[in-house]
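Here is how the chains run, residue by residue.
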Amino acid sequence: MKIFGKFFLKYLVVIILAFLFDLFFNKITDAVISNVIENFLFAIALICPHLIISNPRLSQFVFIIFYTLFSISICIETIYYFLFKTVFSSSAIFVFLDTNLEEAKEFLGFYFNTQIILFIAIIFVTIIITLIKLKKENFLSLGKSKWFKINILIFSITLLVFFKLSQLIIYNLPYMAARASIGYYIESKKLANYATDKYGNFNNVSRTFNIKNKEVYVIIIGESTSRSHLGIYDYCRNTTPLLHNIKNELLIYNKVISPETYTVGSLTKALTLGNYENPDAKFEGSIIQLLNQAKFKTYWVSVQQPTGKNDSQITNIGLGANNSFFLNIKNANEKTIYDEVLVDKLNKILLEDGDKKFIFLHTLGTHFNYAYRYPQKFKFFDNQIPKTKFKNQLAYNAINNYDNAVRYTDFVINNVIESVRKTKANSFVVYFSDHGEEVYDEIEFSGHFRNEDRTRNVYEIPLILWQSESYKKTKTIYPNLDSKYMIDDLFHSIADLIDVKADEVDSTRSIFSKYFKERKRIVKDTVDYDSYFK
Ligand SMILES: [Zn+2]
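Note that the structure is a prediction, hence the values are computed from the model and not measured.

A. Molecular detail of the environment of Ile3. Looking at where Ile3 falls in the secondary structure, it is placed in helix H1 (residues 2–25). Exposure remark for Ile3: the 16 C-beta atoms within 10 Å place this residue in the partly exposed category. Residues Ile3 and Ile494, 491 residues apart in the sequence, show an inter-C-alpha distance of 66 Å.

Okay, structure coming up:
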């Protein structure tokens, strides 16, 4: 028992340090308390092997590994909670696994502050001191009787079962990380089919459009752009002067939200048959496969570059296009390129052969770090004081940089429209954002990961449609501008725009259709958006 106490004390120090950090810098919620209880029990579970292992060297080795990993994971979960006011979740792992090195560096630069660095330093020093002062004799004479060992084994198993049944396990970072990583791996494997299977299994694909004219259709996928920061959506700053000039040519949808608050979660639904009613349908067909089947020449052009080409789920969907280009695969140490390279590439594509082109442009939009998203000449709102209830320079800078990035996005969208307009083809341009962003609008925070105290800004997104004159003559769009819509059904809306029918396509799910029906909007597969944000 004495030895058990000695081990436990070492773990206890880390648990207490983390709790003190919570006490000073975080709100103590039920989640924090549950997490502390979980940490206690987990520490006990980690000590149990020492009471069974009789080889002192092995025992010491096990301690070094367990103790170090335990301390690091406590450190990570405490900082995560501090930043995002929510416990570590599987979506956090999904975001992490889909993030490249460059993004990760930006992310760290964006959120790190003195408290965090100090906390990491303290935990680090604690680990070092504990390991240096480790006494060999603690690991000796642990060989106990067989009965004792069996009892310990039964106790450990009971503890683990209790973990699972009491739901305390959701506070266990190593468990959650392992589970989510496996989940991500399985999903990615399934989605990888999209890269190789260009056509999918759609039934009775047909198209009634009878067009002699050339066809050019473009979808611009925005990134982290909240509707509330766009001038054309009545934001107090004119962040969209160019779109404003052609406002009467645009259909601007006012009540559109994203089903998730991170790229992979939202786009794997938007671009496939998957939706909250049937999340697994995201493996059953992508919009690009349908377009390929409808004999379009499809293009996917992206400036988002994840870890490795085949690692990202969205990349796999994009690779299903007849032609895919990833413009951001330069050396990771180079500064990310600006979205306007997408317009340059688009202009080249428009000159290529082909009478039926469908082009997806995946932007970096207003992704953090906002200041990196636009060139010098778009530093428009710098040195101005924005309208916000958070009166500090950090908030001012974030809002100004974000608004500059939105203004640059306006420039990119407008350029795309002008390029497409010049082709005089039968065409449309759709712009939407994968999800929104909170930028010191309602809470003192900027980003889109924070789950608790989540605000509507991380869901509310722009959806804009520009149509060419000849397109308007061939297709009637039912405006539905104020209908409640969630883009997990975007698949059906895109199919409707180009008039492609298949057994899998449902016009009641198209915001552009006269048959459109509003439905419940369940975000994160669990929360009724419209009653949550009444
Ligand atoms: Zn995103």
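B. A look at the sheet that holds strand S2 (residues 215–222). Read from one edge to the other, the open sheet built from seven strands follows the order S3-S11-S8-S2-S7-S5-S6, with strand pairing classed as mixed. Two strands bound the open sheet, and with one partner strand each, they are strand S3 (250–253) and strand S6 (323–326). Taking each pair of neighbouring strands and ignoring which way they run, the sheet shows an average axis angle of 10°. In terms of strand pairing, strand S5 (residues 297–302) meets strand S7 (residues 356–362) through six bridges, oriented parallel. Each residue of the ladder has a partner; that of Lys297, found in S7, is Lys357. Strands S2, S5, S6 and S7 of the sheet are contacted by helix H14 (residues 340–351), whose axis makes an angle of about 170° with S7. On top of the sheet, helix H15 (residues 393–422) reaches S2, S7, strand S8 (426–433) and strand S11 (463–467); it is set at about 175° to S2, its chief contact.

C. Spotlight on the packing of helix H2 (residues 30–52) against helix H7 (residues 146–165). Remark: H2 packs on H7, axes separated minimally by 10 Å, with the N-to-C direction vectors making an angle of 160°. Accordingly, the angle class assigned to the pair H2 and H7 is roughly antiparallel. Considering how the two elements wind past one another, H2 and H7 form a crossing that is left-handed. In contact with Leu41, Ile44, Ala45, Cys48, Leu51 and Ile52 of H2, H7 contributes Lys149, Ile152, Leu153, Phe155, Ser156, Leu159, Leu160 and Phe163. In the contact of H2 with H7, the residues fall into 12 nonpolar, one polar and one charged.

D. Spotlight on the pairing of S2. Along S2, eight of the eight residues are buried, which leaves the element largely enclosed by surrounding structure. Of the two faces of S2, the one carrying Glu215, Tyr217, Ile219 and Ile221 and the one carrying Val216, Val218, Ile220 and Gly222 are both buried. Pairing between S2 and S7: seven bridges, direction parallel. Along S7, the bridge assignment pairs Ile220 with Leu361. With eight bridges joining them, S2 and S8 adopt parallel strand pairing. The partner of Ile219 across the bridge, within S8, is Val430.

E. Molecular detail of the domain arrangement of the protein chain. Under the domain assignment, the protein chain is made up of domain 1 (2–186) and domain 2 (214–532). Computed from C-alpha atoms alone, the centre-to-centre distance between domain 1 and domain 2 is 39 Å.

F. Quick peek at helix H6 (residues 114–132). In a regular helix each residue adds 1.5 Å, so 19 residues correspond to 27 Å; H6 covers 27 Å between its end C-alpha atoms and thus fits that length. Turning to H6, its buried residues number three or more, namely Phe119, Ile123 and Ile127. Looking straight down H6, one finds its buried side chains confined to an arc of 70°; they lie on one side. In H6, those exposed residues whose orientation departs by more than 90 degrees from the buried face are Thr114, Ile117, Leu118, Ala121, Val125, Ile128, Ile129 and Ile132. Next to the buried residues of H6 lie H1 and helix H3 (56–84).

Rules used in this analysis
Along every chain, residues carry numbers that run from 1 in the direction the sequence is written. Given that the model is predicted, a residue must reach a pLDDT of at least 70 before its local features are reported, and side-chain atom pairs must reach 80 or more before they are shown or counted; all residues, however, enter totals for whole chains, interfaces and linings. Think of it this way: any DSSP run of H or I at least four residues long counts as a helix, any run of E at least two long counts as a strand, and we number them from the N terminus. With C-beta atoms placed from the backbone, a residue is labelled by how many other C-beta atoms lie within 10 Å of its own: buried for 20 or more, exposed for 12 or fewer, partly exposed between the two. The criterion for strand pairing is that DSSP finds at least two bridges linking the strands in question. Fitted lines through C-alpha atoms give the axes, limited to the stretch in contact for helices. The angle between two N-to-C directions lies from 0 to 180 degrees. What counts as a contact is two residues whose backbone-derived C-beta atoms lie within 7 Å of each other. Note that the term roughly parallel is reserved for angles under 35 degrees, roughly antiparallel for angles over 145, roughly perpendicular for angles of 65 to 115, and oblique for everything else. By definition, turning the near helix anticlockwise from the far helix through less than a right angle yields a left-handed crossing, and turning it clockwise yields a right-handed one. Under the grouping applied here, Gly and all other residues not named as nonpolar or charged are polar, the nonpolar ones being Ala, Val, Leu, Ile, Met, Phe, Trp, Tyr, Cys and Pro and the charged ones Asp, Glu, Lys and Arg. Domain start and stop points were drawn from an automatic or database domain assignment. The span you would expect from a helix comes to 1.5 Å times its residue count less one. In this description, one arc is meant: the one made by directions from the helix axis to the C-beta atoms.

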